[in-house]
Amino acid sequence: MANGTAAPRCAALIGPYLSGKTTLLEALLYASGGTSRRGSVRDGNSVGDHTPEARARQMSTEINVANATFLGDPWSILDCPGSVELLYEAQGALLASDVAVVVVEPEAERALTISSLLRFLDRHEIPHMIFINKMDTANARVRDVLAALQSVSGRPLVLRQVPLRGPDSEITGYVDLVSERAYRYRPGQPSDLIQLPDDFWDQERSTRTNLVEKLADFDDALLEQLLEDVEPPKEEIYRHLTRTLSQAQVVPVFLGSALADWGIRRLWKALRHETPSPQATAERLGIAAEGEPLAQVIKTYNLPHTGKLSLARVWRGAISEGMVLNGTRVAGLLRLTGAQQEKVPSAQTGEVVGLTRMEDIATGTVLTPSGKAGPLQRPERPQPVFGLAITSERRADDVKLTAAIGRLIEEDPTIELEQNADTQEMVLWGQGDIHLQIALDRLRNRNNLAVSGRPAAVPYKETIRHAAQQHSRFKRQSGGHGQFADVTVEVKSLPRGSGFTFTDSVVGGAIPRNYIPAVEEGVIEALRRGPLGFPVIDVAVNLITGQFHAVDSSDQAFKTAGRQAIQESLPKCEPILLEPIDLVEISVPNAFTARVQRLVSGRRSQILGYDAKPDWPGWDVVSAHMPQSELHDLIVELRSLTLGVGSFAHRFDHMQELSGRPAEKVLAMRTADAAQ
């Protein structure tokens, strides 16, 4: 291999939705001889998008693995989902890869869509290159696209190729700026070496000079050569490109078209010559070169026929069938290419394989025979921003649903399950509507569970404005011992956020002390549903006095009397509706700040202000108090306004009175639900 090691290397294909990552995977596999024909995302026969959820949407919905060999070098390629709602999964693949290929479209205005990806790559010092795809349909100038990409990259970009155009300005080939050779594209075949146009360097000499100057920023000897007007040898430039890519200092930019098969073999050669070895990646991750075998689980799948499959990369030594890792026996090893599974006896350093039946092993786990290895880097799990209340369409599936969701969360840790005590709903939380619809489809396709989802209910509450005193007597005779309890309570409001307090001022034994807890229990039970139909909060109840009967009084009687007293008193206290308010912090590029402020203002929210986002040049954080009822589809509209890059974090802040037409609407819906 070019990097002097026989260990398999791993490349991750990443980029925004519709950039063409899966089509690029097909082109790379075909160019390497790994497939005899190219599949198509549109036709539903690609290696990458092989699951029902992916084919139904014509998009990647999880990490897909393909193995290939190019010029004798073994590779694992991870095709990562491009949807921003599935970003966490892509980030996990990036941390396990030697290099990332960022696939973008040739549109300057869409450069912003990869800003978060590039920031993640820079922060973790992951070597990466950019492939400007769809050059066969490009209208924008490459220089304009490059400038837009540079504006969102923290690392200098170096253009490795410039396009050659025909008489009608259509792209026909490219010039490699390092080798200074010209090529004509031939779809499905290696490009032809052609004569360099006579006036080419008159127009593009500065482009090549710019490439060398950016490399010289990281090498004093090369800088000295430039200052002395010494032309560095091409081999030396290639060496600098390999070093700066390995150290994540410079980002090379290539051109091509995955669909038209342009530039695919050139990309393969760049990967082959310039991608660091898995040993170099392990060193970057802090993994010692010597020691017991070590692997890390990148992704967990729960497949209908295979069962649990742990996708892992081997960082050190060899993993073999029957080996015990972290106390769990490896039942088998599988080499994966899309839906195809090839059983192998062992896996060496650098390989990405599936480990079967590792039931107690979670995504991110570091595996060793001793089980004593420390943790490796994992992406920060984002806060859920979109929820759906889910129910089984078949009552018989209720028992299986919770277990199936557990397996779903095992596959995708960004999904959370909440059993909401206030609304009595099972709420599935995720990163957006597409994310949760994929999750529901997996429950159907992999577990045969018919599940429906609807917007989660808002946990409204109610409280009171005024105090009241209420006497209540519960008396029942039915032969033998009867039931008797008599209580007088005082109910009054508390400051917002105080919750509930219960006291008693009973004197003279009017109510025996052993019955007072039963009164409190009845009071609490009554407060679970107030006159408006919602739990009552921020009230104080004081038991003033009462009466009892030596024979007929009981805990149950006093509990009933306490409940009745509250139910009868609350309507007299002018109940009011409360809605939950969250503190929301919205992160966006500052070009969108004004739009976001209008979006927030239109959702009954109070803008608290905005500040520059720390360590994110050109980004703002807009803070606001927003009703939870306005949060449900906020992420959908926010992403629509910001080319998919806007995000927000939220947390409960306080309860606030809701009045007027919004309150009337909530109460009308509550009445309608109660009538069903």
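Preceding this section is the structure that the text describes.
In this text the structure is predicted, and so the values were computed from the model without any measurement. (Residues numbered from 1 in each chain as written. Predicted model: local features only at pLDDT ≥ 70, side-chain atom pairs only at ≥ 80, totals over all residues. Heavy atoms only, no water.)

**Student:** An account of the overall build of the chain is requested, with residue identities and associated values reported.
**Tutor:** The number of helices and strands found in the chain is 17 helices and 34 strands. Its C-alpha atoms give the chain principal-axis dimensions of about 110 × 60 × 45 Å. Residue burial in the chain is summarised as follows: out of 676 residues, 55% are buried. Considering only contacts in the chain between residues 6 or more positions apart, those separated by 24 or more positions represent 73%. Per element, the accessible surface of the chain, about 29,400 Å² overall, is 49% carbon and sulfur. (Helix = DSSP H or I, 4+ residues; strand = E, 2+ residues; numbered from the N terminus. Buried < 20%, exposed > 50% of the residue type's maximum accessible area, 1.4 Å probe, protein only. Contact = heavy atoms within 4.5 Å. Areas by Shrake-Rupley, 256 points an atom, 1.4 Å probe, with all protein chains shown as cover.)

**Student:** Outline the pairing of strand 20 (residues 352-356), listing residues and values.
**Tutor:** By the criterion of burial, strand 20 is predominantly enclosed, with five of the five residues buried. Neither face of strand 20 is open: one carries V352, G354 and T356, the other V353 and L355, and all of them are buried. Sheet topology note: the strand 13 (residues 307-316)/strand 20 ladder contains five bridges and is antiparallel. Along strand 20, the bridge assignment pairs L311 with G354. With two bridges connecting them, strand 17 (residues 333-337) and strand 20 associate as antiparallel partners. Residue pairing in the sheet places L334 in a bridge with G354 of strand 20. (Pairing = 2+ DSSP bridges.)

**Student:** An account of the pairing of strand 33 (residues 619-627) is needed here, citing residue identities and associated values.
**Tutor:** With respect to burial, strand 33 is a largely interior element, nine of its nine residues being buried. Burial along strand 33 is two-sided: W619, V621, S623, H625 and P627 and D620, V622, A624 and M626, pointing in opposite directions, are all buried. For strand 31 (residues 575-589) and strand 33, the ladder comprises nine bridges, and the chain directions are antiparallel. What sits directly across from V588, in strand 33, is D620.

**Student:** Kindly report on the sheet that holds strand 21 (residues 366-367), identifying the contributing residues and their values.
**Tutor:** The six strands are arranged 18-17-20-13-12-21 in an open sheet whose pairing can be described as antiparallel. Where the open sheet ends on each side, the last strands, each with one partner, are strand 18 (340-344) and strand 21.

**Student:** Any chance you could break down the pattern of salt bridges for me, citing the residues and the numbers?
**Tutor:** If you walk through the whole model with that rule in mind, you get 49 salt bridges. The residue E105 makes a salt bridge to R110 at a minimum N-O spacing of 3.3 Å. Residue classification places E105 among the buried residues on the basis of a relative accessible area of 15%. Ionic pairing is found between E180 and K234, a salt bridge with its closest N-O pair at 3.1 Å. Of the two residues, E180 is situated in the loop between strand 8 (171-176) and strand 9 (181-186) and K234 in helix 8 (residues 234-246); the sequence distance between them amounts to 54 residues. The exposure class assigned to K234 is partly exposed, which follows from its relative accessible area of 32%. (Salt bridge = Lys/Arg side-chain N within 4 Å of Asp/Glu carboxyl O.)

**Student:** Go over the sheet that holds strand 22 (residues 386-392), please, and point to the residues and values.
**Tutor:** Taking strand neighbours across the sheet as the criterion, the four strands line up as 23-24-22-25 in an open arrangement whose pairing is antiparallel. Lying at the two open borders of the sheet, with one neighbouring strand each, are strand 23 (416-420) and strand 25 (451-455). Strand after strand, the sheet turns through a mean of 35° between neighbouring axes, direction not considered. With five bridges connecting them, strand 23 and strand 24 (residues 425-430) associate as antiparallel partners. Looking at strand 24, one finds that E416 is bridged to W429. On top of the sheet, helix 12 (residues 433-447) reaches strand 22, strand 24 and strand 25; it is set at about 25° to strand 22, its chief contact. (Axes fitted to C-alpha atoms, helices over the stretch in contact; angles between N-to-C directions.)

**Student:** How would you sum up the packing of helix 11 (residues 398-411) against helix 12? Please name residues and give values.
**Tutor:** As a packed pair, helix 11 and helix 12 sit with axes 10 Å apart at the nearest point and diverge in direction by 115°. Crossing hand, helix 11 versus helix 12: right-handed. Contact residues: helix 11 offers L401, A404, I405, R407, L408 and E411, while helix 12 offers A439, R442, L443, R446 and N447. (Left-handed = near helix turned anticlockwise from the far one by under 90°.)

**Student:** Describe helix 15 (residues 593-601), listing the residues and the values that go with them.
**Tutor:** Inspection of helix 15 places T593, V596, L599 and V600 among the buried residues, and these make up the whole buried set. What you see down the axis of helix 15 is that its buried residues fit within an arc of 115°, all on one side. In the core, the buried residues of helix 15 are packed alongside strand 31, strand 32 (606-612), strand 33 and helix 16 (634-641). (Arc of directions from axis to C-beta.)

**Student:** Mind laying out a negative patch on the surface, listing which residues take part and the relevant values?
**Tutor:** On the surface, D220, E224, E228 and D229 cluster together to form a negatively charged patch. Note that E228 resides in the loop between helix 7 (220-227) and helix 8. Classification of E228 by relative accessible area gives exposed; the value is 51%. (Patch = residues over 30% accessible without salt bridge, like charges linked within 9 Å, V, L, I, M, F, W, Y side chains within 5 Å. Lys, Arg positive; Asp, Glu negative; His and termini not counted. Charge placed at Lys NZ, Arg CZ, Asp CG, Glu CD.)

**Student:** I'd love a proper account of the side chain of H650, names of residues and values included.
**Tutor:** If you trace the backbone, H650 turns up in strand 34 (residues 647-658). Of the residues examined, H650 reaches a relative accessible area of 18% and is grouped as buried. In terms of polar contacts, H650 uses its side chain to reach the backbone carbonyl oxygen of P384, at 3.3 Å. Looking at H650, its side chain comes within polar contact range of the side chain of D582, at 3.0 Å. The residues touching H650, leaving out its near neighbours within four places in the chain, are Q383, P384, V385, D582, L583, V584 and L631. (Polar contact = N/O pair within 3.5 Å; in protein donor to acceptor, adjacent residues only side chain to side chain.)

**Student:** Go over the environment of R529 with me, naming the residues and quoting the values.
**Tutor:** The residue R529 is located in the loop between helix 13 (516-527) and strand 30 (539-547) in this model. Along the chain, R529 and E657 lie 128 residues apart, while their C-alpha atoms are 17 Å from each other.

**Student:** Report on the packing of aromatic side chains, specifying residues and quantitative values.
**Tutor:** Under the definition given, this model contains nine aromatic pairs. On the basis of an interplanar angle of 65° and a centroid distance of 5.8 Å, the ring pair of W75 and W268 is categorised as edge-to-face. Of this pair, W75 sits in strand 3 (residues 73-79) while W268 is found in helix 9 (residues 264-274), placing the two residues 193 residues apart along the sequence. W268 matches W75 in its accessibility class, with the two residues each being buried. Ring centres of F200 and W201 lie 4.9 Å apart, and the angle between their planes is 75°; this geometry places the pair in the edge-to-face category. When sorted by exposure, F200 lands in the same class as W201, which is buried. (Phe/Tyr/Trp six-rings, centres within 6.5 Å; stacked < 30°, edge-to-face > 60°.)

**Student:** I'd love a proper account of the packing of helix 6 (residues 200-216) against helix 7, names of residues and values included.
**Tutor:** Between helix 6 and helix 7, the least distance of the axes is 8 Å, while the angle of their chain directions is 135°. By the angle class used here, helix 6 and helix 7 are oblique. Contact residues: V212, E213, L215 and A216 in helix 6; L222, L223 and L226 in helix 7. Per-class residue counts for the contact of helix 6 with helix 7 are six nonpolar, no polar and one charged. (Parallel < 35°, antiparallel > 145°, perpendicular 65-115°, else oblique. Nonpolar A, V, L, I, M, F, W, Y, C, P; charged D, E, K, R; others polar.)

**Student:** Tell me about the environment of Y515, and please be specific about residues and values.
**Tutor:** Within the secondary structure layout, Y515 lies in the loop between strand 29 (500-504) and helix 13. Each C-alpha atom, one on Y515 and one on A557, is 9.1 Å from the other, the two residues being 42 residues apart in sequence. In this structure Y515 touches S553, S554, D555 and F558, once residues within four positions along its chain are discounted.

**Student:** Tell me about the state of the cysteines, and name the residues and values.
**Tutor:** In the structure shown here, the tally under the stated rule is zero disulfides. Here C80 stays free of any disulfide, with the sulfur of C10 as its closest cysteine sulfur at 8.5 Å. (Disulfide = S-S within 2.5 Å.)

**Student:** Which residues make up the side chain of E85, and what are the values?
**Tutor:** With respect to the helices, strands and loops of the structure, E85 is situated in the loop between strand 3 and helix 3 (87-95). Judged by its relative accessible area of 10%, E85 falls in the buried class. A distance of 3.1 Å separates a polar side-chain atom of E85 from the backbone nitrogen of I434. With residues near it in sequence (within four places) discarded, E85 still touches Q431, G432, D433, I434, H435 and R639.

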